[in-house]
Amino acid sequence: MSSMYFESNSNLTVTERRRRVTANSATESPLAPLATPGLVLGLILLGLGVAGLLRLGDWVGNYGSVLVVLAYLLYMAAAASLMLWGAVTVWSLHRR
């Protein structure tokens, strides 16, 4: 029976090996200037999504509940993630 032995090619200690490589901070990102427009657009999209609740019953009757609920949840998730990204990035830019 053969055994395999892998020799470490790193001089890092065990605790340093487990650290994750982090991405650039939000302030160093090339997309950072788009944070404020993204925050505003995300808030507008969330507002339109809430306003769309008034017509949701009609759409369910016309197109089916599964399709409408899935599309609505995907839309709201995309709007919320855009708004959250913009808010976190703007907050980190102004925190320094």
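Along each chain, the written sequence defines residue order, and numbers are assigned to residues from 1. Two thresholds apply to this predicted model, a pLDDT of at least 70 for residue-level local features and 80 or more for giving and counting side-chain atom pairs, whereas whole-chain, interface and lining totals are computed over all residues. Neither water nor hydrogens contribute to the side-chain values; these are computed over all heavy atoms in the structure.

### Quick notes on the overall build of the protein
Heads up, the condition is: Helix numbers and strand numbers start at the N terminus; a helix is a DSSP run of H or I with at least 4 residues, a strand a run of E with at least 2. The contact rule is simple, with two residues in contact once any of their heavy atoms fall within 4.5 Å. Here the accessible surface of atoms and residues is derived via Shrake-Rupley with a 1.4 Å probe, and residues count as covered only by protein chains that are part of the display.
Counting its regular elements, the protein contains 4 helices and 0 strands. Across the protein, the fraction of contacts at a sequence separation of at least 24, relative to all contacts at a separation of at least 6, is 76%. Total accessible area on the protein is roughly 8100 Å²; 65% of this is exposed by carbon and sulfur atoms.

### Some thoughts on the confidence of the model for the protein
This is how the line gets drawn: Each residue carries a pLDDT value, the predictor's own confidence for that position, ranging from 0 to 100.
Here the protein averages 83 in pLDDT, while 71% of its residues score no lower than 70. Mean pLDDT per element in the protein: helix 1 (residues 14–17) is the minimum at 55, and helix 2 (residues 35–51) is the maximum at 96.

### Concerning helix 4 (residues 65–95)
We apply this condition: What a helix should span is 1.5 Å times the count of its residues minus one.
The end-to-end C-alpha separation of helix 4 is 44 Å, in line with the 45 Å expected for 31 residues at 1.5 Å each. Buried-residue contacts for helix 4 involve helix 2 and helix 3 (56–63).

### Observations regarding the environment of Leu73
Position of Leu73 relative to the elements: it lies in helix 4. Distance from Leu73 to Gly49, taken between C-alpha atoms, is 9.5 Å for residues 24 residues apart in sequence.

### Here we look at the packing of helix 3 against helix 4
Test applied: Axis angles are defined between N-to-C directions and span 0 to 180 degrees, where every axis is a line fitted to C-alpha atoms and, for a helix, only to the segment in contact. Each angle gets one of four labels, with under 35 degrees taken as roughly parallel, over 145 as roughly antiparallel, 65 to 115 as roughly perpendicular, and the rest as oblique. Each residue receives one of three labels: charged for Asp, Glu, Lys and Arg, nonpolar for Ala, Val, Leu, Ile, Met, Phe, Trp, Tyr, Cys and Pro, and polar for the others, Gly being one of them.
Contact geometry for helix 3 and helix 4: axes closest at 7 Å, N-to-C directions at 135°. Here helix 4 runs oblique to helix 3, going by the angle between their axes. Across the interface between the two elements, Leu56, Trp59, Val60 and Tyr63 from helix 3 touch Ser65, Leu67, Val68 and Tyr72 from helix 4. Classifying every residue of the contact of helix 3 with helix 4 gives 7 nonpolar, 1 polar and no charged.

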